Amino acid sequence: MSEPLTEPDEPVRDGVRPREVSGTPGHPVVGALSPSRAGDFLSCGLLYRFRTIDRLPERPGLAAFRGTLVHEVLDRLYDLPAPERTVDEAGRILALALSDLLEDEPEAAFALVEDADWPADEPPTVPEAATDQLLADATVLLDRYFVLEDPRGIEPTHREQLVEVALDPDLLLRGYVDRMDETDGRLRVVDYKTGRAPGQQWEQQAMFQLRFYALVVHRATGRIPGRLQLLYLGNGEVLTYQPDEDDLDRFERKLHAIWKAITRAADTGDWRPNRSARCKWCSFQQMCPEFGGTPPPLPAMPVSESSTTLVG
Ligand code: SF4
């Protein structure tokens, strides 16, 4: 089991605190920003609104489910004593993890049966051929993981760790870090990606995530990670970032600016669509004005005297 970044009874340090959300007048109002939600807003304000304000459901996707499965296997692999973390063990864990995930998250069946109607009262029956294909694809990704790292030589200090820190009284940064470990006395943060490394067009987005984690870990622990890495299991590439304090300060200012823009959009209700290459993967085209749709009315949101509760 990973240790928490702060002891449960330890006094709150540098503003680290549990997530707090309330729209009750007179109560602190907190918005939480994660790398994904910040990324949503930067690419399209309306996408952010649909996901974060309307909280519209999205059909489970195959790539996302495959990613969840591979993450689960790698996490369980590190439960084993170091010498047992082998490719064969990963294969053994894979089948178990799949059956556990399908049992725990029956909705995931929609990801595996792409022609099933969604939403539906009951998840579809998953044909054996679909699970076989998923297992085969996940095996390729796991094999590639073992080319990038030898888990027998790594002792994580944290795994699947929620990291969060309040930048100021109304903005909480939060995210899950796949793994942290110490190499040569320096903190290393590792995140697994089951897709391919991004081309130049998307690389800044990946760097945004690394800077986000570096900032949160620094503000939460007082330590600047020595290195942050995204391991792309889709093609075996690694993206590395070595932060310094100046860069993190600049990034913090950027996050404040993003948050200001989000609260402005919330205050005015002006969540603009921004048509881009990303629309291809957007679940909400049918209700997007860029594609001839009409967004649903904005839900009533709890409002404090001064601002709006936004949870990302
Ligand atoms: S389809 Fe494109 S423009 Fe419309 S909400 Fe989705 S990402 Fe934004």
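Thresholds, definitions, all that
Chains are numbered independently. Their residues run from 1 in the order of the written sequence. Selection of residues for local features in this predicted model requires a pLDDT of at least 70, selection of side-chain atom pairs for listing and counting requires 80 or more, and totals for whole chains, interfaces and linings are taken over all residues. In this description a helix means any DSSP run of H or I spanning at least four residues, a strand means any run of E spanning at least two, and both kinds are numbered starting from the N terminus. Burial is judged by counting the other C-beta atoms within 10 Å of a residue's own C-beta: 20 or more makes it buried, 12 or fewer makes it exposed, and any count in between marks it as partly exposed, with every C-beta position built from the backbone. We call two residues in contact whenever the C-beta atoms placed from their backbones are within 7 Å. For a helix, the expected span equals 1.5 Å multiplied by the number of residues minus one. Axis angles are defined between N-to-C directions and span 0 to 180 degrees, where every axis is a line fitted to C-alpha atoms and, for a helix, only to the segment in contact. Should an angle fall under 35 degrees it is called roughly parallel, over 145 degrees roughly antiparallel, and 65 to 115 degrees roughly perpendicular, with every other angle called oblique. Note on convention: near helix rotated counterclockwise from far helix by under a right angle means a left-handed crossing. Clockwise means right-handed. Residue classes follow a fixed rule: Ala, Val, Leu, Ile, Met, Phe, Trp, Tyr, Cys and Pro count as nonpolar, while Asp, Glu, Lys and Arg count as charged, and any other residue, Gly among them, counts as polar. In these notes, a nonpolar core means any group of buried Ala, Val, Leu, Ile, Met, Phe, Trp, Tyr and Cys residues linked to one another through C-beta atoms within 7 Å. Only strands joined by at least two bridges in the DSSP assignment are considered to pair. The criterion for a residue being near a molecule or strand is a backbone-placed C-beta atom within 6 Å of that molecule or strand. Look down the strands so they point away from you; if the path from the first strand over the helix to the second goes clockwise, the crossover is right-handed.

Q: A description of the overall build of the protein should follow, citing residues and the corresponding values.
A: Counting secondary structure elements, the protein contains 8 helices and 6 strands. With 312 residues in all, the protein has 29% of them scored as buried. When contacts within the protein are restricted to residue pairs at least 6 apart in sequence, long-range pairs at least 24 apart make up 68% of them.

Q: Can you lay out helix H3 (residues 62-77) for me, pointing to particular residues and giving the numbers?
A: A rise of 1.5 Å per residue sets the reference length of H3, with its 16 residues, at 22 Å; its end C-alpha atoms lie 22 Å apart and thus fit the reference within 8%. Along its buried surface, H3 packs onto helix H4 (87-104), helix H5 (109-112), helix H6 (128-148), strand E3 (171-183) and strand E4 (186-193).

Q: Could you give an account of the packing of H3 against H4, with specific residues and numbers?
A: Viewed as axis vectors pointing N to C, H3 and H4 meet at an angle of 125°, and their least axial separation amounts to 9 Å. As the angle between them shows, H3 and H4 are arranged oblique. Viewed along their axes, H3 and H4 form a crossing whose handedness is right-handed. Along the contact surface, H3 presents Thr68, Leu69, Glu72, Val73, Arg76 and Leu77, while H4 presents Glu89, Ala90, Ile93, Leu94, Ala97, Leu98 and Leu101. Looking at side-chain class alone, the contact of H3 with H4 contains 9 nonpolar, 1 polar and 3 charged residues.

Q: So what's going on with the nonpolar core? Which residues, and what values?
A: Core analysis: the largest hydrophobic core is formed by 59 residues, its most contacted members being Val70, Val73, Leu94, Leu142, Val189, Tyr213 and Val216. Considering each element in turn, this core owes the most residues, 7 residues, to helix H7 (residues 200-221). Beyond its immediate stretch of four places on either side in the chain, valine 70 contacts Ala138, Leu141, Leu142, Tyr192, Thr194 and Leu233.

Q: Please set out unusual backbone geometry residue by residue, giving values where relevant.
A: Most peptide bonds are trans, and most residues other than glycine sit at a negative phi. Geometrically, the link from tryptophan 118 to proline 119 is a cis peptide bond, its omega value of -5° lying close to zero. Its location among the elements puts proline 119 in the loop between H5 and H6. Phi is positive for arginine 55, which is not a glycine, with a value near 50°. Structurally, the position occupied by arginine 55 is in the loop between helix H2 (45-53) and H3. With a phi angle near 45°, glutamate 160 is a residue other than glycine that sits in the positive phi range.

Q: With reference to specific residues and values, describe the environment of glutamate 114.
A: Mapped onto the secondary structure, glutamate 114 falls in the loop between H5 and H6. Once the C-alpha coordinates of glutamate 114 and arginine 59 are considered, the two residues, 55 residues apart in sequence, prove to be 9.7 Å apart.

Q: Before we move on, can you summarise the pairing of strand E2 (residues 156-168) with the specific residues and values?
A: Pairing between E2 and E3: 10 bridges, direction antiparallel. In the sheet register, leucine 162 faces E3, and the bridge partner there is tyrosine 176. Counted between consecutive antiparallel strands, the loop separating E2 from E3 contains 2 residues.

Q: Please set out the site of the ligand residue by residue, giving values where relevant.
A: Lining the immediate environment of the ligand, one finds 14 residues, of which Cys44, Pro273, Cys279, Cys282 and Cys288 sit closest. Taken together, the residues of the shell around the ligand sort by class into 9 nonpolar, 2 polar and 3 charged.

Q: Got a sec to walk through the pairing of strand E5 (residues 227-232)? Specific residues and values, please.
A: Here is the key point about a regular strand: its side chains alternate between the two faces of the sheet. With 6 bridges connecting them, E4 and E5 associate as parallel partners. If you follow tyrosine 192 over to E5, its bridge partner there is leucine 231. Crossover handedness for the path E4 to H7 to E5: right-handed. Taken together, the 5 bridges between E5 and strand E6 (residues 237-241) define a ladder with antiparallel strand orientation. The partner of tyrosine 232 across the bridge, within E6, is glutamate 237.

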